Amino acid sequence: MTVHPSSAAPAGRGSAPLLAGLFVATAVLVAYGFWSLGGLPELASRHGVSIDATITYLFVTTGILFLLGHGVLTLFVLRYAGSAERAAPERGSPHASSKLEWRWALVPVLVMCVIAEGGVLIVGMPAFAQLYGEAPPDSFVVEVVGKQFEWLVHYPGPDGVFGRSEAKLVNDARNPIGLDKKDPAAKDDIYTRGQMHLPVGRGALIRLRALDVLHSFTVPQFRVKQDLIPGFLGRTQFEPTRTGQYELACAELCGLGHYRMRGFITVESQEEVDQWLSEQEPAF
Ligand SMILES: [Cu+2]
């Protein structure tokens, strides 16, 4: 006796609603989770507008695809689980055609490439240009030295020239950034432990040095995150647009004391920055 496939008992039909419910619950929970996060801290830099646009763009496009994908999965599970069409693919279901399979594999790949690569390039380009392009000629230049476990902030002093520094001259108590006393440009240099003041509405060019291991200069409100690499003089640049005090965090797990590696950036008028600088002791 032969049993026709359509008259056989549908296999796995009973678990279909459970699986569909799981897809729906996952989609709802993920959407609710992101919704309740509430977004990034209030923006305080010029290029950040374009960073935020890029994040929003990716978030919305991938969010729609995620929800659509789960919707289609749910419908297919409810429609085809244990069905005769699934049991007999030669009867014209999508499995019967390798051409269809190829089409459904390639079209989403191409669509994702256009959305992810093309879209991000268009929306994010202004941020890349401001972050990695030529710094404005009137930029306010500061050096940040990262070490386990603090931020040292180095200003060039009234002469506007950074004194030479060398790793072998570093002495934690007397010369933490390793300034060379023999260099005349170093005499008026200023350094602080974890305190940086920047003028509002003026480009800031931050030179980045690390004394020991990798660290990462991170200020969420400025939408800035840049690694510091021992042996390299790195840089990052941005323009603070809002006065206030911001926490400078280290976003690279740099050792046991990583959690206490924090500094403070005060954004204020140029006059206030000049006043504060004039109150600081020169290095030597
Ligand atoms: Cu660190």
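Given the structure is predicted, the values throughout are model-derived calculations rather than measurements. (Residues numbered from 1 in each chain as written. Predicted model: local features only at pLDDT ≥ 70, side-chain atom pairs only at ≥ 80, totals over all residues. Heavy atoms only, no water.)

## Description of the overall build of the protein chain
Piece 1. When helices and strands are counted, the protein chain shows five helices and 10 strands.
Piece 2. In summary, the protein chain has a C-alpha radius of gyration of 29 Å against a globular reference of 19 Å for 284 residues, an excess of more than 25%.
Piece 3. Projected onto its principal axes, the C-alpha positions of the protein chain cover 100 × 35 × 35 Å.
Piece 4. A total of 284 residues make up the protein chain; the buried ones form 36% of that total.
Piece 5. Excluding contacts between residues fewer than 6 apart, the proportion of contacts in the protein chain whose partners are at least 24 apart in sequence is 71%.
Piece 6. On the protein chain, roughly 16900 Å² of surface is accessible, and the fraction owed to carbon and sulfur atoms is 65%.
Piece 7. Between the averaged position of the 24 positive side-chain charges in the protein chain and that of its 28 negative side-chain charges there is a distance of 9 Å. (Helix = DSSP H or I, 4+ residues; strand = E, 2+ residues; numbered from the N terminus. Rg over C-alpha atoms; globule rule 2.2 N^0.38 Å. Buried < 20%, exposed > 50% of the residue type's maximum accessible area, 1.4 Å probe, protein only. Contact = heavy atoms within 4.5 Å. Areas by Shrake-Rupley, 256 points an atom, 1.4 Å probe, with all protein chains shown as cover. Lys, Arg positive; Asp, Glu negative; His and termini not counted. Charge placed at Lys NZ, Arg CZ, Asp CG, Glu CD.)

## Comments concerning the nonpolar core
Piece 1. Judged by nonpolar contacts, the single largest core of 31 residues is most densely connected at Tyr-155, Met-196, Ile-206, Phe-217, Phe-222 and Ile-265.
Piece 2. No other element matches the four residues that strand S5 (residues 204-210) contributes to this core.
Piece 3. Setting aside residues up to four positions removed in sequence, Ile-265 forms contacts with Met-196, Leu-198, Phe-217, Val-219, Phe-222, Gly-244, Gln-245, Tyr-246 and Leu-248.
Piece 4. If you look at the next biggest cluster of nonpolar residues, it comprises six residues, including Leu-152, Leu-179, Ala-186 and Ala-283. (Core = buried A, V, L, I, M, F, W, Y, C linked by side-chain atoms within 4.5 Å.)

## Brief notes about the pairing of strand S1 (residues 140-147)
Piece 1. Of all eight residues making up S1, seven are buried, and the element is well covered by its neighbours.
Piece 2. Where S1 and strand S2 (residues 150-155) come together, five bridges link them in antiparallel fashion. Counterpart to Val-145 in the pairing with S2 is Leu-152.
Piece 3. Hairpin connection of S1 to S2: two residues between the antiparallel strands. (Pairing = 2+ DSSP bridges.)

## Examining the sheet that holds S1
Piece 1. With respect to topology, five strands assemble into an open sheet ordered S3-S2-S1-S5-S8, the strand pairing being mixed. Single-partner strands in this sheet number two, and they are strand S3 (190-193) and strand S8 (234-238). Across the sheet, the mean angle from the axis of one strand to that of its neighbour is 25°, orientation sign disregarded.
Piece 2. Where S5 lies against S8, five bridges are found, and the strand directions are antiparallel. Bridge pairing in S8 places Arg-207 opposite Arg-235. (Axes fitted to C-alpha atoms, helices over the stretch in contact; angles between N-to-C directions.)

## Looking at the coordination of the copper ion
Piece 1. Listed as protein donors to the copper ion are His-215 (ND1), Cys-250 (SG), Cys-254 (SG) and Met-261 (SD); their distances from the metal cover 2.1 to 2.5 Å.
Piece 2. Using a relative accessible area of 8% as the deciding quantity, one classes Cys-250 as buried. (Donors = N, O, S within 2.8 Å, 3.2 Å for Na, K, Ca; no water.)

## Topic: the domain arrangement of the protein chain
Piece 1. For the protein chain, the domain assignment lists domain 1 (13-82 + 94-132) and domain 2 (140-278).
Piece 2. For domain 1 versus domain 2, the distance between C-alpha centres works out to 39 Å.
Piece 3. Summing both sides of the interface, domain 1 and domain 2 together bury roughly 1200 Å²; the carbon and sulfur share of this comes to 44%.
Piece 4. Between the two partners, domain 1 and domain 2, sit three salt bridges.
Piece 5. A salt bridge links Arg-46 to Glu-239; the nearest nitrogen and oxygen atoms lie 3.1 Å apart.
Piece 6. Here domain 1 and domain 2 share 14 residue pairs in polar contact (both at pLDDT 80 or more) between them.
Piece 7. Counting residues per element, the ones that place at least two in the side of domain 1 that touches domain 2 are helix H2 (48-80) and helix H4 (98-132).
Piece 8. Taken together, the residues of the side of domain 1 that touches domain 2 break down into seven nonpolar, four polar and three charged. (Domains from an automatic or database assignment. Buried area = accessible area lost by both parts, 1.4 Å probe. Salt bridge = Lys/Arg side-chain N within 4 Å of Asp/Glu carboxyl O. Polar contact = N/O pair within 3.5 Å; in protein donor to acceptor, adjacent residues only side chain to side chain. Nonpolar A, V, L, I, M, F, W, Y, C, P; charged D, E, K, R; others polar.)

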